[in-house]
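Remarks on the overall topology
Chain by chain, the residues run as shown.
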Amino acid sequence: MMKEEFGNPSSIHSFGRKVKVQVEGVRNLVAEKLKVQPAEIFFTSGATEAINTIFNGAVISLGVERIITTRIEHPAVISSAEYHEKTNNIQLEYVNIDSQGQVDLEQLKTFLTDNPKKTLVSLMHANNEIGNLLSIKKVSEVCRAHQALFFSDTVQSMGKFAIDLSGQLLDFAVSSAHKYHGPKGIGFMFVNGDLKIDPYIIGGGQERNMRAGTENVYGIVGLGKAFELSYEEMEQNRKAILELKHYLMDKLREEIPQIRFNGNTEGLHTVLNIGLPKNMHNDMILMNMDIAGIAVSGGSACSSGSLHVSHVIEALGLADTVSAVRVSFSKHTTKEELDYFVEVLKEKSCFDTIC
Ligand code: PLP
């Protein structure tokens, strides 16, 4: 495509128009799958940009005075919320989560009932570190009953579940193509057509004045193909990956009986968070797994380069007792790889009081 279709989609000549057709084709495809209007989909450089745009739009354009979220959200959400608390004097409230990572919806109701100020509720659909799933429907009912705007970070669930955004359940949602084997650095946001927010990146009039800058055409086309394939293979992939996850859990329990899992293991099929007792030995586990050729992390990719304990593990109250190993599964994962993982984990981890 890069050789044959190189026009700029914003140009009115035939080369540009040809590319514009491709971009709009992807927008239509995404909108059709999510059961929304194409005009409600905007391409961005990924979910972080989309989240920044949504928070900025909610505060600056829609007059939000309070943000309610949790401490287990992705850093893109927590940092955006904290930024608006500091810079725009927005009230920031965190809803409690229990030791399994489940959100306290009663407390959300109380927050919304006690203070009717204009609010953005930001609760993620699937947690990227522990895999917990949130009922969008239940949270939506609470938000709608209190006229609160509702954004759900759907990065981990888009392309893995057939998310239906019709019926005004959500005001905002986001997606990142690399979560369903698409290219990195491309994503989109859904903005409820009843809402008019300002762009975060300003300049030209691309994306119907919602996101300035020449479109990442090749990224968008790649996203489209990956999104389409994710739907074609969704059920078969989900079943196969779930089987792999159960295989690993069973094998770990068999080989390492003291093993614990963090969060709700019934959640997202692509994530399993393993808890080892915290000691100097297990603090080195990620490095030792890496040396053995195994790519696992302790938290989200954005923070795994640092030695900090994951903020999610901290929010679960496990920071002082647990070393977390997050395993991600995909359609490419094999049982042989999982067997090797268990073998190395067994060898490199330590469950004794003195290691
Ligand atoms: N939200 C969640 C839940 C994520 O897992 C990620 C990325 O891993 C993001 C947001 C940020 O997405 P991006 O890397 O496309 O900016």
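Right, let's walk through the structure included here. (Residues numbered from 1 in each chain as written. Predicted model: local features only at pLDDT ≥ 70, side-chain atom pairs only at ≥ 80, totals over all residues. Heavy atoms only, no water.)

Notes on the environment of Gln-236
Topologically, Gln-236 is positioned in helix α8 (residues 234–255). Between the alpha carbons of Gln-236 and Lys-331 there is a distance of 9.2 Å; along the sequence they are 95 residues apart. (Helix = DSSP H or I, 4+ residues; strand = E, 2+ residues; numbered from the N terminus.)

Quick word on the sheet that holds strand β8 (residues 260–261)
Reading across the sheet, the 3 strands line up as β8-β9-β10 and stay open at both edges, with antiparallel pairing between neighbours. For this open sheet the edge positions go to β8 and β10 (322–328), each flanked by a neighbour on one side alone. Sheet topology places strand β9 (residues 271–277) next to β10; 7 bridges connect them, and they run antiparallel. Note on β10: the bridge partner recorded for Pro-277 is Val-322. Here α8 sits on the sheet in contact with β8, β9 and β10, set at roughly 15° to β9. (Pairing = 2+ DSSP bridges. Contact = heavy atoms within 4.5 Å. Axes fitted to C-alpha atoms, helices over the stretch in contact; angles between N-to-C directions.)

Topic: the packing of helix α1 (residues 14–34) against helix α7 (residues 217–232)
Between α1 and α7, the shortest axis-to-axis distance is 9 Å and the interhelical angle comes to 35°. In the crossing of α1 with α7, the sense of the turn from one axis to the other is left-handed. Here Val-19, Gln-22, Val-23, Val-26, Leu-29, Val-30, Lys-33 and Leu-34 of α1 come into contact with α7, specifically with Val-217, Ile-220, Val-221, Leu-223, Gly-224, Phe-227, Glu-228 and Tyr-231. Here the contact of α1 with α7 is built from residues that sort into 12 nonpolar, 2 polar and 2 charged. (Left-handed = near helix turned anticlockwise from the far one by under 90°. Nonpolar A, V, L, I, M, F, W, Y, C, P; charged D, E, K, R; others polar.)

Looking at the sheet that holds strand β4 (residues 119–122)
Read from one edge to the other, the open sheet built from 7 strands follows the order β1-β7-β6-β5-β4-β2-β3, with strand pairing classed as mixed. Edge positions in the open sheet fall to β1 (41–44) and β3 (91–94), since each of these has one partner strand only. Pairwise comparison of adjacent strand axes, ignoring direction, gives a mean angle of 20° for this sheet. Relative to β4, strand β2 (residues 66–69) runs parallel, the two sharing 3 bridges. The residue bridging Ile-68 from the neighbouring strand is Val-121, located in β4. Where helix α3 (residues 75–88) meets the sheet, its contacts fall on β2, β3, β4 and β5 (149–152), and the angle it forms with β3 comes to roughly 145°.

Quick notes on the side chain of Asn-132
You can see Asn-132 is positioned in the loop between β4 and α5 (136–145). Judged by its relative accessible area of 5%, Asn-132 is buried. Apart from the residues lying within four places of it in its own chain, the contact partners of Asn-132 are Gln-100, Gly-101, Gln-102, His-125, Ala-126, Asn-127, Gly-263 and Asn-264. (Buried < 20%, exposed > 50% of the residue type's maximum accessible area, 1.4 Å probe, protein only.)

Quick word on the site of the ligand
In the vicinity of the ligand, 13 residues are found, and the nearest of them are Thr-48, Asp-153, Gln-156, Ser-176 and Lys-179. In the environment of the ligand, an oxygen atom lies 2.9 Å from a nitrogen or oxygen atom belonging to the backbone of Ala-47. In the environment of the ligand, an oxygen atom lies 2.6 Å from a nitrogen or oxygen atom belonging to the side chain of Ser-176. A total of 390 Å² of accessible area belongs to the ligand in isolation, and the protein chains cover 87% of it. Across the shell around the ligand, the residue classes break down as 4 nonpolar, 7 polar and 2 charged. (Near = heavy atom within 4 Å. Polar contact = N/O pair within 3.5 Å; in protein donor to acceptor, adjacent residues only side chain to side chain. Areas by Shrake-Rupley, 256 points an atom, 1.4 Å probe, with all protein chains shown as cover.)

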